[in-house]
Structure formats: structure tokens, C-alpha cells
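Chain and residue survey
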Amino acid sequence: MTKAVRRILVTVSVINALLPAVAWATGKKRPVVPVAPIDISRVTDNAAIGCIDADVAHKLIKDYGLEMGRFSGSTELCDSKRPGKKMLNAILMLDQGKFGPTARAGLDRQMITTDYATYFRQRIGRVVFDNQCGGTSWVLACVINSNPVMHVEKPYFDDDMALALQMTVLVHEARHTEGFPHYRCYTGGNAGKNGACDLSYEAGGAYAVEVEYETRVALNGLNFNPVFKTMARLFAIDRLNNNFVTAPTTKKPALFLVDQADSHVVVLDREGHANELSDVVLGKGRLIGRDSGANLMFEDPTREPMYLDYYARKLFPQTAVAPVVGLTMRNYATSWSAAKKQNLVDILNDAAGNGIQIRLFKNQLEAAKGLDNAPVVDLPATETPVALLSTLPCLTPEGASVGFYVRMASGAIYQIDTSNVPRRAGMSRVACTWPQDLASITRFSGKVVVLDGEGHLSVLEENGTRSPFPGAPGLAARRFTHAVAAELVPELVSDLVL
Ligand SMILES: [Zn+2]
């Protein structure tokens, strides 16, 4: 008999997220008496859960069919580095999550109408820790041949795996027990991979149900920590970007700026350029655009980068969301040495829509695609890199060029050849040099937007002239240190009018 195993994929462009997989099921119901309410509102990650009461743990183990004998650290109630405790933590969060009233709107299609804990218990009878999912290193979990058994694999318990993902994978796998397979991806970070995409959101498969769950946590969760909600939201965005054959959302461009006077981050929307989110004073640094917003990487390499969450209108220290956004940050992978992290100059994602990520260091760069090895290119010894660019600041007869470029302190600009990634990458100097009066260049809402050396925003026209940026009142008088464009997912940005 052929085993139908659907599993989880790591996506690279944004969030370090793996996806789950397969199965099917029987609809047995196991009525349970809820455990006494536990305050999960302070929980941001596994470490924050602390000890679980023994009686609570035993009830969860019984109610959710956890075969704890198969989990390392199965009797551990306090040490969240042990797999058995991590499994308990994820189940605890599933069990204790509370939600406000939901209605069919945005990404909430009411695909699951019971609470998620009940849904999971109805679909999954046993949870076991083994290696039955096909032997691929990135598999988190799977269901085989529609049996109501969730197989959990070693990567599910990696230290940099987020609790919010470990929790939502449970619902993803439960959905597979109803017979929803995955398909080959054609776009996004998983393009070309078999079994990493649902056909559409409307099809209501495992990714769609997972996103609906993550959306409810982010927008309707009553007792989740804001950081946890942010992480759930990031995972939803990652899935939307990378795990559907037909993209379910329309992205809205946003422009992120750092105010020169007080280091507030400012976010402008596409049309009126009127929205500003500047609750938190930061510090000098470089913005890194992501397909889920932006990060600020401080000039001071000892400071943890910050993730800007326009949904929560707050900034979270990178340490709080590292498991989710770690892929593109200074604290990237745990395998990076401290020296390598401190040598990171800039990161640029997907400039040409090809899912490639460029990581610029002081003396070399890496061109990464997916989980494959990233080819390394040495920089010329005579050059000092300043930043990565997705747009060439010098106009050609066709206008400004899009791609991956490195700007050097000398003014030289090099183009990165990513056409052979992941096998190899190259770099060559272009004739264009960096205009000395320019601080930033980025594309926003169909325009090439530049920030001059004094911090004024303007639009670079096709004829090479600069025209005033069509900004909100007072914008023209402000000065900024850095500008970067990113995209918002409006279905997940409830308090921004786009
Ligand atoms: Zn799956």
C-alpha cells in the first residue's frame, strides 16, 4: 500500500516555518471535562510556560492521546527544552486558547466552527513521536493514510521552533485526517516543490485551516500574549505567501521610514500616505523590508534587532519573535557564530520575485534560496559594503532597473547575478555609481522613491528629475534617515485603513 504522507515545509523567504501534513480520519468524539483555566496571557514562547501542574499534565495527556512514553522527557513538567514538555506546552495552548465571537470575514471563512481543541480531539486519536513521515529533514509532523494518528518528528522540537507554530501545526494535521492533500507550488518560497501548497484558500485544506486558526489567534484571541498573537500572524502571512498555488490575498504596499529627529518609525500607506505608526522611539539603524513588514537593525551591533508590528502598533525585541523571524535577522540561525552575526550589514528579500534572499556581510555575501545551501561571493577587497539595493538609482532608457545590487562606500554599485542560485552566484560592477546626495532608494506604489542626503523624500521621475512626495500634511517638513518599502496583508491588519 502506498503511504500518503503529507508534511510540513520550511519556507525561507520570511518566516522560519515548516508545514505539516497528511491524513485522514474517523470522526470519533471524546467528551472531556476542561482542565481548570490556566493563565496563558503571559506566554510568548516555550520558556515562558514554566512548570505545568502534574494533574493538569496528566489530564492533557489523557484527553489528547499523547503517548508520552515515546517522548524524550516524557515525565518532565518544567524543563521546556525537553520534547515531551514542548508537546505538552503546545497542547496546553491549544486547550486553553479563548476566542471572541467570530464571523465569516477576511480570512475567517468559518471552516472550523467548533473550538480548535475539540476539533483536534475529534480528528486525532493519538500523538506519537517517531520518524514515520518520510525521512526528510524538514518534516515536523504528518498523518499517514488518514489514520487518526499524528506523527511528530524531531524538527518539531528544535529550539528555534516557535510555540505558536507548534500549536497551529496540530490543527493543520487534524485537517489532513479529513482527506485534504497538498499540491506542487508554482510561486513563492516553495516554487517547484511538490506537496507544499494548497490549491486555493477556498478549498479549505490544511494550510487554509491553519491560517484561519492563526488569524483568529491574532485578531480574535482573548487570552493570548501580544507577542504570541504577532507570531501567529506572521505564520499566517508566511503561509499565505508561500503555501497556496493561487495567492489568497492582495498585498498592499507600505513605506517604512525612520524619523531623523526622534528615531520614531513611520509607516505610510499606499494612497493617502496618511497613516503613521510611531509609538515607540527606537534608535539609529537600518530598516529591513520583509514580506510581513519591516525590521530595524540597529547601528549598534550589540542591540537586538526589533520587529515592527503594525497590527499591534508595537515593537517587539527580536528575542521575543526570533523563532519566527530569525531567518532574516542578526540572530538568524543558531548555527551562525557571534562574529558572523556582527558582520551582517544588510539583508534583502525577493527583489526580483524569485524567492532569493541576499545576506550582505562586511567581506562577502550569501545568496540563499529555500533551504538549499547559499552560494558565497567574496566582495572586492578594496570595497566596503554599505547596503543592498533592489533598485538601481541610475536611470536607463527603460527606467530604473530592478534586481539585487550592492552599494559600496566608494560609490561603486555591483549587480548580483542570482540566475544560477542555488548552485552558484556572481557579482559584477555596473557603470552606474551611487549619487552622493542620496540616502535611500526604494519602490513604493509604482514609484521610485528616494531619500536625499538631508532626509527629504521625493519621487524619482522617468526623466531623471525629482518631484515632491505626495505626502500627508507636514510630511515634507520632516527628515528621515532611511526608507524601505514592504507589503502589508490587509486581511491581517485590522486597524490600518488601506
Ligand atoms: Zn500538510
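It should be emphasised that the depicted structure is a prediction, and the values quoted were computed from it without experimental measurement. (Residues numbered from 1 in each chain as written. Predicted model: local features only at pLDDT ≥ 70, side-chain atom pairs only at ≥ 80, totals over all residues.)

**Details of the overall build of the protein chain**
Within the protein chain one finds eight helices and 23 strands. Here the protein chain holds 498 residues, and 49% of them are scored as buried. A separation threshold of at least 6 residues defines the contact pool for the protein chain, and within that pool the share at least 24 residues apart is 61%. (Helix = DSSP H or I, 4+ residues; strand = E, 2+ residues; numbered from the N terminus. Buried ≥ 20, exposed ≤ 12 C-beta atoms within 10 Å, placed from the backbone. Contact = placed C-beta atoms within 7 Å.)

**Some words on unusual backbone geometry**
Valine 421 connects to proline 422 through a cis peptide bond whose omega is 15°. As for its position among the elements, proline 422 is in the loop between strand S17 (412-417) and strand S18 (426-433). A positive phi is found at glutamine 110, a non-glycine position, where the angle reads about 60°. Tracing the backbone shows glutamine 110 in the loop between helix H2 (83-96) and helix H3 (116-123). Its 11 C-beta neighbours within 10 Å are what place glutamine 110 among the exposed residues.

**Focus on the sheet that holds strand S23 (residues 480-488)**
As summarised here, the arrangement of the three strands in space is S6-S5-S23, forming an open sheet in which the pairing is antiparallel. At either end of the open sheet lies a strand with only one pairing partner, and these are strand S6 (265-268) and S23. The sheet shows a mean angle of 25° between the axes of neighbouring strands, taken without regard to direction. (Pairing = 2+ DSSP bridges. Axes fitted to C-alpha atoms, helices over the stretch in contact; angles between N-to-C directions.)

**Comments concerning the packing of helix H4 (residues 163-176) against helix H5 (residues 206-220)**
In contact at an axis separation of 8 Å, H4 and H5 are set at 145° when each is read in the N-to-C sense. In the packing of H4 onto H5, the handedness of the crossing is right-handed. On H5, the residues that touch Thr168, Val171, His172, Arg175 and His176 of H4 are Ala206, Tyr207, Val209, Glu210, Tyr213 and Glu214. Classifying every residue of the contact of H4 with H5 gives five nonpolar, three polar and three charged. (Left-handed = near helix turned anticlockwise from the far one by under 90°. Nonpolar A, V, L, I, M, F, W, Y, C, P; charged D, E, K, R; others polar.)

**Overview of the nonpolar core**
Note that soluble globular proteins tend to have their nonpolar side chains buried in a common cluster. With 126 residues, the main nonpolar core has Phe256 and Ile358 as its most contacted residues. Looking at which domains feed residues into this core, each of domain 1 (5-242) and domain 2 (252-492) supplies at least three. Contacts of isoleucine 358, omitting those with residues within four sequence positions, involve Ile347, Leu348, Leu365, Ala367, Leu388, Phe404 and Ile416. (Core = buried A, V, L, I, M, F, W, Y, C linked by C-beta atoms within 7 Å. Domains from an automatic or database assignment.)

**Concerning the confidence of the model for the protein chain**
For the protein chain, the average pLDDT comes to 80, and 80% of its residues sit at 70 or higher. The model gives residues 8-28 a pLDDT under 50, and that stretch makes 115 contacts with residues more than four places away or in other chains. Within the model, the stretch residues 322-334 combines pLDDT values under 50 with 44 contacts to residues more than four positions away or in other chains. (pLDDT = per-residue confidence, 0-100.)

**Observations regarding the packing of H2 against H4**
In the contact formed by H2 and H4, the axes pass within 9 Å of each other and the chain directions differ by 70°. With respect to H4, the axis of H2 lies roughly perpendicular. In terms of crossing hand, the pair formed by H2 and H4 is right-handed. Counting all contacts with H2, which are made through Lys86, Asn89, Ala90, Met93 and Leu94, the residues of H4 involved are Leu163, Gln166, Met167 and Leu170. (Parallel < 35°, antiparallel > 145°, perpendicular 65-115°, else oblique.)

**A look at the sheet that holds S17**
Read across the sheet, four strands follow the order S15-S16-S17-S18 without closing on themselves; strand pairing throughout is antiparallel. Where the open sheet ends on each side, the last strands, each with one partner, are strand S15 (385-391) and S18. Across the sheet, the mean angle separating the axes of adjacent strands is 35° when strand polarity is ignored. The pairing of S17 with S18 spans five bridges and is antiparallel. What sits directly across from isoleucine 416, in S18, is methionine 427.

**Side note on the pairing of S6**
Where strand S5 (residues 252-259) meets S6, four bridges bridge the pair, whose relative direction is antiparallel. In the strand pairing of S6, valine 258 is matched with valine 265. In this antiparallel pair of consecutive strands, S5 and S6, the connection spans five residues, and serine 263 shows a positive phi of 65°.

**Observations concerning the environment of cysteine 185**
Residue placement: cysteine 185 occurs in the loop between H4 and H5. The exposure class of cysteine 185 is buried, given the 23 C-beta atoms found within 10 Å.

**Quick notes on the pairing of strand S4 (residues 149-152)**
The alternating pattern of S4 places Val149 and His151 on one face and Met150 and Val152 on the opposite face, and all of these are buried. In this sheet, S4 lies alongside strand S2 (residues 126-129) in parallel orientation, the contact comprising four bridges. Among the inter-strand pairings, arginine 126 is bridged to a residue of S4, identified as valine 149. Pairing of strand S3 (residues 141-144) with S4, which is carried by three bridges, proceeds in the antiparallel orientation. Opposite valine 143, over in S4, you have methionine 150 as the bridge partner. Count of turn residues in the S3/S4 antiparallel hairpin: four residues, of which asparagine 145 carries a positive phi of about 50°.

**Quick look at the environment of glutamine 122**
Structurally, glutamine 122 can be placed in helix H3. Classification of glutamine 122 as partly exposed rests on a count of 18 C-beta atoms within 10 Å. When the C-alpha positions of glutamine 122 and proline 148 are compared, they lie 9.1 Å apart, and in sequence the two are 26 residues distant.

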